[in-house]
Amino acid sequence: MPDAATDIAETSAETAKIPVTVLTGYLGAGKTTLLNRILTENHGKRYAVIVNEFGEIGIDNDLVVGADEEVFEMNNGCVCCTVRGDLIRIMDGLVKRRGKFDAIIVETTGLADPAPVAQTFFVDQDVGDAARLDAVVTVADAKWLSDRLRDAPEAKNQIAFADVILLNKSDLVTPADLDRVEGEIRAINPYAQLHRTQNCAVPLEAVLERNAFDLGRILDVEPEFLEEGHHHHHDADMQSVSAKIEGAVDPERFMPWISNLTQEQGPDILRCKGIVAFPDEPKRFVFQGVHMILDGDLQGDWGADEARVSRVVFIGRNLDAEAIRAGFLACRA
């Protein structure tokens, strides 16, 4: 992000892109249950689905009819695609078929870190021009998540990356245990939208086409999530660092700062998001990042009576919270 002029895209162009939902979650959490719900409900939408053919089977065999074809259309109007190579190649192929489906769902294997999938929408120019990451949706097993957070780094990364979390199988634990598990989730990721579910029974609009990867929308729903004290207790090695400025930031200082920070500490930064005010700019500048990859644009006017508060959040490991906050505060206009 060298400067605001080169990074800011028109909001209309962004909304015209194909929305992509990344569906993740540890083995056995219920991803396939959720995916089958999406594919079989009478919602009037057509979804292209990219699944990983290694490890956990993404879609039941009786659902993946015609799996010998790379792209095929289901009777209910869904278009499904089985991964037989690089995600970018598959995305390029789907982009050429745009108009035959309304959105794309990428289901990762239960042992996958979602970072490489998310990065695809930033690092590949053609994919980034045609598609936008709508949300990372993580399905978590209420009964076993605590154990997996202790022994499986992938499970922790899946929670940290999530924009929407389904705390599934909630009927298999006591209310007290459910509260405890939710507290563990909030210690890792304080801002994701969380739904307690049984058999992934949740309105599809709660997980699809949420524009949840847009920080501005999250702030509209939960304005205080970047506030100090809203993060509960943090996980021992997963941090959430936030900072705010009551007012605008200088883009000539902010852009180099955020770029340098992510380049230097990118391996330790799982996700970063921010919404900031620029002087004399009526729209909010929203950025988001995955490790060293950043993206940003203008995403909606500040309200006439709305306080122009600039806020950032970083989730990762080994982060120097004091240095990050000091660096951001130094960008004050």
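Details of the structure are given in the entry above.
Residues numbered from 1 in each chain as written. Predicted model: local features only at pLDDT ≥ 70, side-chain atom pairs only at ≥ 80, totals over all residues. Heavy atoms only, no water.

A. Seen up close, the overall build of the protein. Scanning the protein from N- to C-terminus turns up twelve helices and 13 strands. Across the 333 residues of the protein, 57% fall into the buried class. Taking the intrachain contacts of the protein between residues at least 6 apart in sequence as the baseline, contacts between residues at least 24 apart amount to 77%. (Helix = DSSP H or I, 4+ residues; strand = E, 2+ residues; numbered from the N terminus. Buried < 20%, exposed > 50% of the residue type's maximum accessible area, 1.4 Å probe, protein only. Contact = heavy atoms within 4.5 Å.)

B. Molecular detail of the sheet that holds strand β11 (residues 283-290). Pairing is antiparallel in the open sheet, where five strands are placed in the order β9-β13-β10-β11-β12. Across the chains shown, the open sheet's two edge strands, defined by having one partner strand only, are β9 (239-245) and β12 (293-301). Direction aside, the axes of adjacent strands within the sheet are offset by 10° on average. With five bridges connecting them, strand β10 (residues 269-276) and β11 associate as antiparallel partners. Paired with Val276 across the two strands is Phe285, which belongs to β11. Sheet contacts for helix α11 (residues 251-265): β10, β11, β12 and β13 (310-316); angle to β10, the most-contacted strand, approximately 170°. (Pairing = 2+ DSSP bridges. Axes fitted to C-alpha atoms, helices over the stretch in contact; angles between N-to-C directions.)

C. Spotlight on unusual backbone geometry. Positive phi, close to 60°, is recorded for Lys169, a residue that is not glycine. Residue placement: Lys169 occurs in the loop between β7 (164-168) and α9 (175-188). Even without being a glycine, Asp280 presents a positive backbone phi close to 60°. The residue Asp280 is located in the loop between β10 and β11 in this model.

D. Inspection of the pattern of salt bridges at higher detail. Enumeration over the complete set of coordinates arrives at 14 salt bridges. A salt bridge links Glu209 to Lys45, with the nearest nitrogen and oxygen atoms 3.1 Å apart. Here Lys45 lies in the loop between α3 (31-40) and β2 (47-51) and Glu209 lies in the loop between β8 (193-196) and α10 (215-221), a separation of 164 residues in the sequence. Here Asp102 ties to Arg46 by a salt bridge, and the two come within 3.9 Å at their closest N and O atoms. Of this pair, Asp102 sits in the loop between α4 (87-96) and β5 (103-107) while Arg46 sits in the loop between α3 and β2, and the two are 56 residues apart along the sequence. Salt bridges here are not isolated pairs; linked through shared partners, they connect Asp177, Arg180 and Glu184. (Salt bridge = Lys/Arg side-chain N within 4 Å of Asp/Glu carboxyl O.)

E. Representation of the environment of Val106 in the model. Mapped onto the fold, Val106 is located in strand β5. For the pair formed by Val106 and Ile50, sequence separation is 56 residues and the distance between their alpha carbons is 4.7 Å. Apart from residues lying up to four places away in sequence, Val106 is in contact with Val20, Thr21, Val22, Leu23, Ile50 and Val117.

F. How the structure looks around the environment of Asp141. When you line up the elements, Asp141 lands in strand β6 (residues 131-141). By relative accessible area, which is 10% here, Asp141 ends up buried. As a C-alpha pair, Asp141 and Gly28 span 113 residues in sequence and 7.4 Å in three-dimensional space. If we skip the residues at most four places from it in the chain, Asp141 touches Gly28, Ala29, Asn168 and Lys169. Looking at Asp141, its side chain comes within polar contact range of the main-chain nitrogen of Lys143, at 2.9 Å. (Polar contact = N/O pair within 3.5 Å; in protein donor to acceptor, adjacent residues only side chain to side chain.)

G. Structural context of the pairing of β5. Of all five residues that make up β5, five are buried, and the element is covered over most of its length. Residues Ala103, Ile105 and Glu107 of β5 are buried on one face, and the alternating residues Ile104 and Val106, pointing to the opposite face, are buried as well. Alignment of strand β1 (residues 18-24) against β5, held across four bridges, turns out to be parallel. Note on β5: the bridge partner recorded for Val22 is Val106. Pairing analysis gives five bridges linking β2 to β5, with the strands arranged parallel. Across the sheet, the residue bridging to Val49 is Ile105, located in β5.

H. Focus on α9. Here α9 spans 20 Å end to end across 14 residues, near enough to the 20 Å set by a 1.5 Å rise per residue. Within α9 the residues assigned to the buried category are Leu178, Val181, Ile185, Arg186, Ala187 and Ile188. Buried positions along α9 lie against α7 (145-151), α8 (153-161), β7, β8 and β13. (Expected span 1.5 Å × (residues − 1).)

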